[in-house]
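Chains, contacts and geometry: an overview
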Amino acid sequence: MQPRRRFYPTALVVLSTLLVGTLWVVPYLPTNDGPAWIFATHAENHYSDPGAPYSAWFVPALQFASRGLTVFYAPFEAGLGWDVGLRVALSLVALLAAWGFFALARALHPERSAVGLLGFPLALSWSMYMGFWSFAIATGLGFFILALAVHLPQPTWKQRALLSVL
């Protein structure tokens with residue numbers, strides 16, 4: 001039983017490293033919505049910079065929908081630049097999906113943990129490369145919320161309210 005207890009933590013670390021390494025080694029080419037979100041976040045971060053032309057063309061607007069990647073990407077882009085910041089943000093999004101899938105598989109039944117390891121290659125999904133990062137983030141969070149719901153077989157009214165809010 002002892003080797004099995006060490007297998008999953010070791011597998012999670014190795015697969016997480018491989019997943020993040022893939023995003024850092026292979027050049028990432030965002031398609032469809034990706035370039036628009038990258039530019040919108042960059043323009044938002046540098047709107048007031050001296051000499052930046054954004055204020056001549058754009059008007060800031062409070063947008064609360066479709067802000068998925070911006071929440072992850074904006075702080076890193078501001079400090080690390082667009083390319084490194086994007087890789088860090090995408091690494092977090094991919095890990096969120098992979099770990100969420102693992103958590104859901106494990107919550108369904110501990111014997112299904114091996115199936116949960118498939119979440120790591122699945123994290124590099126079509127939606128990630130099409131630039132649908134809000135969808136990818138929502139999917140990862142959804143896996144965690146479903147895992148929580150499955151983990152609570154007889155939830156109290158407070159737990160049900162929390163699940164409803166999530």
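Numbering of residues begins from 1 in every chain and follows the order in which that chain's sequence is written. Thresholds applied to this predicted model are a pLDDT of at least 70 for local features of residues and 80 or more for the giving and counting of side-chain atom pairs; totals over whole chains, interfaces and linings are not thresholded and use all residues. To get the side-chain values, all heavy atoms of the structure are used, and hydrogens and water are removed first.

A look at the overall build of the protein chain
- Runs of H or I in DSSP of at least four residues are treated as helices and runs of E of at least two as strands, each being numbered from the N terminus. The helix and strand inventory of the protein chain stands at 10 helices and 0 strands.
- Mapped from its N terminus to its C terminus, the protein chain presents α and β elements in the order α-α-α-α-α-α-α-α-α-α.
- Once the C-alpha set of the protein chain is aligned to its principal axes, its extents read approximately 65 × 40 × 25 Å.
- Buried means the residue's accessible area, taken with a 1.4 Å probe over protein chains only, is under 20% of the maximum for its type, while exposed means over 50%, and partly exposed covers the values in between. Within the protein chain, the proportion of its 166 residues that are buried is 33%.
- Partitioning the intrachain contacts of the protein chain with sequence separation of at least 6 by distance along the chain shows that 67% fall at a separation of at least 24.
- Each accessible area is a Shrake-Rupley estimate made with a 1.4 Å probe; only the visible protein chains count as cover when residues are assessed. Total accessible area on the protein chain is roughly 10,400 Å²; 71% of this is exposed by carbon and sulfur atoms.
- Only four residue types enter the tally: Lys and Arg on the positive side, Asp and Glu on the negative side, with His and both chain ends excluded. To locate a charge, the coordinates of NZ of Lys, CZ of Arg, CG of Asp or CD of Glu are taken. Charge separation in the protein chain, taken as the distance between the mean sites of 9 positive and 6 negative side-chain charges, equals 24 Å. Note on contacts: a residue pair is in contact if any heavy atoms of the two residues lie within 4.5 Å.

Details of the confidence of the model for the protein chain
- Within the protein chain, residue pLDDT values average 87, and 95% of them lie at 70 or more.
- Each residue carries a pLDDT score, the predictor's own confidence in it, on a scale running from 0 to 100. Confidence, expressed as mean pLDDT per element, reaches its minimum in the protein chain at helix H3 (residues 54-57) with 82 and its maximum at helix H7 (residues 119-122) with 94.

Side note on the packing of aromatic side chains
- Ring pairs shown here join Phe, Tyr and Trp side chains whose ring centres sit within 6.5 Å, with only the six-membered ring taken for Trp; geometry is labelled stacked below 30 degrees between planes, edge-to-face above 60, and tilted in between. Counted under the stated rule, the structure contains 7 aromatic pairs.
- A ring pair is formed by Phe7 and Tyr8, whose centres lie 5.0 Å apart and whose planes are at 75 degrees; its orientation type is edge-to-face.
- Using a relative accessible area of 44% as the deciding quantity, one classes Phe7 as partly exposed.
- Ring geometry for Phe39 versus Phe58: centroids 5.8 Å apart, planes at 55 degrees, classification tilted. Here Phe58 lies in the loop between H3 and helix H4 (68-80) and Phe39 lies in helix H2 (residues 34-45), a separation of 19 residues in the sequence.
- The class for Phe58 is partly exposed, based on a relative accessible area of 38%.

Examining the packing of H4 against helix H5 (residues 82-108)
- Note on method: axes are straight lines fitted to C-alpha atoms, helices fitted across the in-contact stretch only, with angles between N-to-C directions ranging 0 to 180 degrees. Running from N to C, H4 and H5 cross one another at 145 degrees; their axes reach a closest spacing of 7 Å. The handedness of the crossing between H4 and H5 is right-handed. Contacts between H4 and H5 involve Leu69, Phe72, Tyr73, Phe76, Glu77 and Leu80 on the former and, on the latter, Trp82, Val84, Gly85, Leu86, Val88, Ala89, Leu90, Leu92, Val93 and Leu96.
- For the contact of H4 with H5, the class distribution of residues is 14 nonpolar, 1 polar and 1 charged. Two helices crossing with the near one rotated counterclockwise from the far one by less than a right angle form a left-handed crossing, whereas a clockwise rotation gives a right-handed crossing. Residue type decides the class: Asp, Glu, Lys and Arg count as charged, Ala, Val, Leu, Ile, Met, Phe, Trp, Tyr, Cys and Pro as nonpolar, and the leftover types, Gly among them, as polar.

Quick notes on the pattern of salt bridges
- Here, a salt bridge means any Lys or Arg side-chain nitrogen found within 4 Å of an Asp or Glu carboxyl oxygen. Enumeration according to the criterion identifies 1 salt bridge in this entry.
- A salt bridge links Asp83 to Arg87; its shortest N-O distance comes to 3.6 Å. With Asp83 and Arg87 both in helix H5, this residue pair falls 4 residues apart, about one helical turn.

Quick notes on the nonpolar core
- Counting residues in each nonpolar core, the largest one holds 26 residues, and the members touching the most others are Leu69, Leu86, Leu90, Met128 and Trp133.
- The set of elements that each furnish at least two residues to this core consists of helix H1 (2-25), H2, H4, H5 and helix H9 (133-151).
- Top contributing element to this core by residue count: H5, with 9 residues.
- Every residue in contact with Trp133, bar those within four places of it in the chain, is listed here: Tyr28, Pro30, Gly34, Trp37, Ile38, Leu69, Leu90, Ser127 and Met128. Buried Ala, Val, Leu, Ile, Met, Phe, Trp, Tyr and Cys residues form a nonpolar core when they are joined through side-chain atoms within 4.5 Å.

A closer look at the side chain of Ser127
- On the secondary structure map, Ser127 appears in helix H8 (residues 126-129).
- Since its relative accessible area comes to 6%, Ser127 is described here as buried.
- For Ser127, the side chain forms a polar contact with the side chain of Ser125, separated by 2.9 Å.
- Apart from the residues lying within four places of it in its own chain, the contact partners of Ser127 are Phe132, Trp133, Phe135 and Ala136. Between N or O atoms, a polar contact is any pair within 3.5 Å; within protein, one atom must be a potential hydrogen donor and the other a potential acceptor, and residues adjacent in sequence are included only when both atoms are from side chains.

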